[in-house]
Amino acid sequence: MNEKKVFTDSGIEIKRVYYPHPETENKIQETPGEFPYTRGIQGDMYRGKLWTMRQYAGFSTAEESNKRYHYLLSQGVMGLSVAFDLPTQIGYDSDHELSEGEVGKVGVAIDSLEDMELLFKDIKLEEVSTSMTINATGFILLALYVALAKKQGADLKKITGTIQNDILKEYAARGTYIYPPKPSMRIITDIFEWCSKELPKWNTISISGYHIREAGSTAVQEIAFTLSNGKAYVQAALAKGLDINVFGKRLSFFFNAHNNLFEEVAKFRAARRMWAGMMKELGATDEKAMMLRFHTQTGGATLTAQQPLNNISRVTIQTLAAVLGGTQSLHTNGYDEALSLPTEEAARIALRTQQIVAFESGAPDTVDPLAGSYFIESLTNEVEQKAHELVSKIDAMGGSVSAIEAGFMQDEIAHSAYDYQRAIESGEKIIVGVNKFAVDKELPIPGFKIDDYIRVIQSEKLKLLRAKRNADNVTGSLRDITAAAKDGRNLMPVVIEAVENHCTLGEISDALRAVFGEYK
């Protein structure tokens, strides 16, 4: 490999990778790009290719979000990450009575294929990697994306991206589920099966520890519960007769980066090693199917409304943790997100934070730079050991689905969240600007608010859509979805046809609610 040489500012050459004892290289030492991947899944890590710099954005209408995407792409973003509003996440159209007060608030409102076309106006889907943070309705958003790609004349074999599609953590930590666990797992394995044939480069699930951590878990709980959920998805796919060496390559993970730099780096290293071992035990023989690939987002729950500019420093530490821990993709939060959706300025600073770490810090110049540190290696082993103990407890209960149904994960997270909050309130844990180093007067920070009028705009669009579409095609499509849900056929082809016939997200969700019921 004839690679470009890298030097420090003092002219010292930096090697691609370092070992504690160079003479034993590849004998005893763990090597990057090789099982069990503690040191990273690529042999050259960021010297070959930097992580994908994403900015998570979505608000108001599809038109407004599209403007932000064009701005972010012009500023050097490499991949788009779409945030959806709550009605979209839980399968209600914008004009549904339960959508009132929530349309376009925490993400973009998507009701139909027309909205999807506006969301990606003048963006070629073959040329961007798109991550969609969507779970219960993930299959519908994927169908909309596929329908749009087909309209653009794109080659589906070249389309890249990810849907979060991780329903188990919704029951455990977040709450945007629709259907009970068993039919939800069936939808997920339908996506695995369909994508393995039709959308081979698409990451069919992003198994998420992020929201588990946001709900108050520790770093150890975050990886233990996330990897246990991952195991449950793999077992469900195996039970359906899918090939672990095929779908295993399209699994990805989504982790949180918190402020404790060294524990976070140890967490990422331990998670890779654990997952490689789990996949081997489950029968994977292809190395790529054993690799834990992950996206990271800096910790939303760590951002403070007090002295919000301090959050820039927090996000910088978290960015370093993700990079030193070997992430494949990263979103950095805006400093103002404890107050509102990020303003354009805050989103730009967040992206610049990644670019400064990438091009000025030297952190990407060698693979796994903290390896061999007595502290990091010891911490990696201890995080792994404690996480394995929790995984064993979950296995003894019959796996993640049973542990969630019994309330085990929810209780563990609640206890950790309580302990953390109590430590802050007692002053044992210091949060700068909150329980120490406070100021009497805060500088005003401009917020970014969404108008309730968005619901009127979306409702009007829906009224026009329903008036001009072919009503017989809509009825036929919804009947096909109901039939496929009952007879066990793969749902993806009928849902894609339904969105092409301009069925709305709410109508498709309701057709399945009638068959599967709702989880209470």
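Rules of the game
Residues numbered from 1 in each chain as written. Predicted model: local features only at pLDDT ≥ 70, side-chain atom pairs only at ≥ 80, totals over all residues. Heavy atoms only, no water. Helix = DSSP H or I, 4+ residues; strand = E, 2+ residues; numbered from the N terminus. Rg over C-alpha atoms; globule rule 2.2 N^0.38 Å. Buried < 20%, exposed > 50% of the residue type's maximum accessible area, 1.4 Å probe, protein only. 1 Å grid on protein atoms, 1.4 Å probe; cavity = no way out; pocket = protein on both sides within 12 Å on 5 of 7 lines; lining within 4 Å. Points joined across faces, edges and corners; volume = space filled by probe spheres on them. Nonpolar A, V, L, I, M, F, W, Y, C, P; charged D, E, K, R; others polar. Salt bridge = Lys/Arg side-chain N within 4 Å of Asp/Glu carboxyl O. Axes fitted to C-alpha atoms, helices over the stretch in contact; angles between N-to-C directions. Parallel < 35°, antiparallel > 145°, perpendicular 65-115°, else oblique. Left-handed = near helix turned anticlockwise from the far one by under 90°. Contact = heavy atoms within 4.5 Å. Pairing = 2+ DSSP bridges. Right-handed = clockwise from strand over helix to strand, strands pointing away. Core = buried A, V, L, I, M, F, W, Y, C linked by side-chain atoms within 4.5 Å. Expected span 1.5 Å × (residues − 1).

1. Thoughts on the overall build of the protein
Moving on, step 1. Check the secondary structure of the protein and you find 20 helices and 11 strands.
Moving on, step 2. Taking 2.2 N^0.38 as the reference for a compact globule, 520 residues should give roughly 24 Å; the C-alpha atoms of the protein span a radius of gyration of 23 Å, in line with that estimate.
Moving on, step 3. Taking the principal axes of its C-alpha atoms as reference, the protein extends roughly 70 × 60 × 50 Å.
Moving on, step 4. When the 520 residues of the protein are sorted by exposure, 56% land in the buried category.

2. Topic: the layout of surface pockets
Moving on, step 1. Within this model, the second largest pocket holds a volume of roughly 840 Å³.
Moving on, step 2. The set of elements that each furnish at least two residues to the lining of the second largest pocket consists of helix 7 (210-214), helix 12 (310-324) and helix 16 (408-426).
Moving on, step 3. Split into classes, the residues belonging to the lining of the second largest pocket amount to 12 nonpolar, 12 polar and 6 charged.

3. Some words on the pattern of salt bridges
Moving on, step 1. Enumeration according to the criterion identifies 30 salt bridges in this entry.
Moving on, step 2. Here K461 ties to E63 by a salt bridge, and the two come within 3.3 Å at their closest N and O atoms. Here the residue K461 occupies a position in helix 17 (residues 454-468), and E63 occupies one in helix 1 (residues 62-74), the gap between them amounting to 398 residues.
Moving on, step 3. The salt bridge involving K67 is made with E64; its shortest N-O contact spans 3.1 Å. Of the two residues, K67 and E64 are both situated in helix 1; the distance of 3 residues between them amounts to about one turn of the helix.
Moving on, step 4. Residue classification places K67 among the exposed residues on the basis of a relative accessible area of 52%.
Moving on, step 5. Ionic contacts of the salt-bridge type, sharing partners, join the residues D93, D95, R466, R469 and E507 into one network.

4. Brief notes about the packing of helix 8 (residues 219-239) against helix 10 (residues 261-281)
Moving on, step 1. It is the contact of helix 8 with helix 10, at a shortest axis distance of 10 Å, that shows an interaxial angle of 25°. In terms of their interaxial angle, helix 8 and helix 10 are classed as roughly parallel. Considering how the two elements wind past one another, helix 8 and helix 10 form a crossing that is right-handed. Each of A219, E222, I223, L227, G230, K231 and V234 in helix 8 lies in contact with helix 10, whose residues at this interface are E263, E264, K267, A270, A271, M274, W275, M278 and M279.

5. A look at the packing of helix 12 against helix 13 (residues 344-359)
Moving on, step 1. Relative orientation of the contacting elements helix 12 and helix 13 amounts to 45°, with a least axis distance of 10 Å. Between helix 12 and helix 13, the crossing angle belongs to the class labelled oblique. In terms of crossing hand, the pair formed by helix 12 and helix 13 is right-handed. Each of I312, V315, T316, T319, L320 and V323 in helix 12 lies in contact with helix 13, whose residues at this interface are I349, T353, Q354 and V357.
Moving on, step 2. Here the contact of helix 12 with helix 13 is composed, by residue class, of 6 nonpolar, 4 polar and no charged.

6. So, the pairing of strand 6 (residues 160-163)
Moving on, step 1. In this sheet, strand 6 lies alongside strand 5 (residues 129-133) in parallel orientation, the contact comprising 4 bridges. By the bridge assignment, M132 is partnered in strand 6 with I163.
Moving on, step 2. In this fold, the crossover linking strand 5 to strand 6 by way of helix 4 (residues 138-151) has right-handed handedness.
Moving on, step 3. By the bridge criterion, 2 bridges tie strand 6 to strand 7 (residues 202-203) in an arrangement that is parallel. Within strand 7, the position partnered with G161 by the bridge is W202.

7. A look at the nonpolar core
Moving on, step 1. Among the nonpolar cores identified, the biggest contains 112 residues, and M116, F120, M132, F139 and I508 are the most heavily contacted of them.
Moving on, step 2. Per-element tally for this core: the top contributor is helix 4, with 11 residues.
Moving on, step 3. Once you skip the residues sitting within four places of it in the chain, M116 turns out to touch I110, M132, L141, L144, Y145 and L148.
Moving on, step 4. Ranked by size, the runner-up nonpolar core spans 21 residues in total, among them W51, L72, L351 and I376.

8. With respect to the environment of F84
Moving on, step 1. For F84, the position within the fold is in the loop between strand 4 (79-83) and helix 2 (86-89).
Moving on, step 2. For F84 and T204, which are 120 residues apart along the polypeptide, the C-alpha to C-alpha distance reads 18 Å.
Moving on, step 3. Sequence-distant contacts of F84, defined by excluding residues within four places in its chain, comprise Q89, V106, G107, V108, I110, M132, T133, I134 and L141.

9. Things to note about helix 20 (residues 505-516)
Moving on, step 1. In a regular helix each residue adds 1.5 Å, so 12 residues correspond to 16 Å; helix 20 covers 16 Å between its end C-alpha atoms and thus fits that length.
Moving on, step 2. Most of helix 20 is tucked away, with 9 of its 12 residues classed as buried.
Moving on, step 3. For helix 20, the set of buried residues is L505, G506, E507, I508, S509, A511, L512, R513 and F516.
Moving on, step 4. Buried residues in helix 20 make contact with helix 2, helix 4, helix 6 (181-198), helix 17, helix 18 (471-487) and helix 19 (492-500).

10. Topic: the pairing of strand 4
Moving on, step 1. By the criterion of burial, strand 4 is predominantly enclosed, with 5 of the 5 residues buried.
Moving on, step 2. By the alternation rule, side chains of strand 4 split into G79, S81 and A83 and L80 and V82, which are all buried.
Moving on, step 3. As judged from the 5 bridges shared by strand 4 and strand 5, these two strands associate in the parallel manner. Bridging across to strand 5, V82 finds its partner in M132.

11. Some words on the side chain of N229
Moving on, step 1. Assignment of secondary structure puts N229 in helix 8.
Moving on, step 2. N229 sits in the buried class, given a relative accessible area of 0%.
Moving on, step 3. For N229, the residues in contact, after removing those within four places along its chain, are L168, K169, I207, I212, S400, I404 and M409.

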